[in-house]
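# Per-entry structural report
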Amino acid sequence: MSQDTEHDPHSKANLSDDDRINASTTTPVPENDDIPEEGDSLSKGSAVDKEVNEKVDDTPDSDVDEPIKATENLENDDLPEEISEEDKETIKKVASDDNLSQAKSYASILVEQVIHAKETFERSLGSLFTSAFTAGLEIGISFFMILSAFALLNDVIPSRYAMVLSSLLYPIGFIIVVIGQSLLFTEQTSLLSLPVLNKIEPLHKLIRLWGIVIAGNIVGGCIFAALMIGLGLHMHLFTDHAIDVYAEHILGFEWWVIFGSAVLAGWMMGVAAWLVTSARDTLSRIVLVTLITGSIGFLGLHHSIVGNIEVFSALLYGNTVSLWRYLVFLVVVLVGNTVGGVVFVAVLKNRTFLFEVEKVKEQSAEARANMVRRRF
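A few points on the structure.

Criteria and thresholds
Residues numbered from 1 in each chain as written. Predicted model: local features only at pLDDT ≥ 70, side-chain atom pairs only at ≥ 80, totals over all residues. Heavy atoms only, no water. Core = buried A, V, L, I, M, F, W, Y, C linked by side-chain atoms within 4.5 Å. Buried < 20%, exposed > 50% of the residue type's maximum accessible area, 1.4 Å probe, protein only. Helix = DSSP H or I, 4+ residues; strand = E, 2+ residues; numbered from the N terminus. Contact = heavy atoms within 4.5 Å. Arc of directions from axis to C-beta. Expected span 1.5 Å × (residues − 1).

## Quick word on the nonpolar core
Judged by nonpolar contacts, the single largest core of 67 residues is most densely connected at Ile139, Phe174, Leu184, Ile229, Phe238, Tyr246 and Tyr326. The element that contributes the greatest number of residues to this core is helix H9 (residues 203-234), accounting for twelve residues. Non-local contacts of Phe238, meaning those with residues more than four positions away in its chain, are made with Phe144, Leu147, Ser148, Ala151, Ile229, Gly232, Leu233 and Ile243.

Below, the structure is given as structure tokens:
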């Protein structure tokens, strides 16, 4: 909506009383000092237009893909109550990030993640489980596509190459989960630990939250395996032999090798969560998720939620996997993913952020001390 930049002080003379009241409340009458002189009308009018345009530009566009919280507009109420007022001011200063032409600042990313994690802690148990259950179903799409492609390629090229090529479809389920914002354990592992590391939430709430997300992911994955993998067999998209081959591709290592592979996979998923937060638009997030999870699939690293579907499918429809092998595998991979996500991402990156906050505190204290000395 535009407004005229020049005002006629006598323009209200012929208006009714009601119209004059409305005009007075909507458009402020300029003081004598504010009335532009004849020679300055163009320049002052341009200044007013510029001010109006700046206000319009500051209006948020609902069609723009924005992050969870705009860290350049952080208020004290956006930050957890457990943080002191002094720390809130310091965090807002460190996390200010208003230049859309540049990458987000380190602190801006971490503050967004802490806020998002805090909101997740406040969700109801039913909401958490349902979201995690949905993620378990959605992530199964990756395995369904991989297995179908592997069965097709295995008839025309050596099995090893068929395995590698089919793994390029690995990111499909992850893209659905991440962009759809369902709760996937390996993505949330590092994020949910941040409020605990910053002493905003207690450890027991984190363990309970992890348990709910893991349970939802596993139950959803097992149901997908029971229904969709069985459907694929009846559609002749793959055979029980292909299911066994792929399961042995996952299980055919010593436990410590699987654990180390799971640590690396958890680390990469934590990095993926970090990079997704750093992205300003959906397309960038899709590209980042594709690159990271595609690398996990290409390298054959062990991901607990996808691996659960892969091995459980062999338990149901294959001939080589026992219940004991399935359970041991699941425990080892879950622990490995957790260590990778928490230690290599949450702890290290959070520690870097705390060092930055301490530096700003020291600078602020020094500036206050200099100001006091100048006064006296």
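## Comments concerning helix H7 (residues 171-180)
Here H7 has its buried residues at Pro171, Gly173, Phe174, Val177 and Val178. Seen from one end, H7 has its buried residues packed into an arc of 155 degrees, which puts them on one side. Where H7 is buried, its residues touch helix H5 (125-153), helix H8 (185-197), helix H11 (255-278), helix H12 (282-299) and helix H13 (304-317). Positioned one or two residues after H7, Gln181 has a phi angle of 60 degrees, which is positive.

## Topic: the environment of Glu187
Along the chain, Glu187 turns up in helix H8. Along the chain, Glu187 and Gly270 lie 83 residues apart, while their C-alpha atoms are 6.0 Å from each other. Dropping the residues within four chain positions of it, Glu187 is found in contact with Val178, Ser182, Met269 and Ala273.

## Some points on H8
Every α-helical turn comprises 3.6 residues, leaving residues that sit three or four positions apart pointing alike. Taking 1.5 Å of rise per residue, 13 residues should cover 18 Å, and H8 covers 18 Å from first to last C-alpha, within 8% of that figure. Across the 13 residues that make up H8, a large majority, twelve, are buried. Taken residue by residue, H8 has Phe185, Thr186, Glu187, Gln188, Thr189, Ser190, Leu191, Leu192, Ser193, Leu194, Pro195 and Val196 as its buried positions. Just past H8, the residue Lys199 takes up positive phi, approximately 60 degrees.

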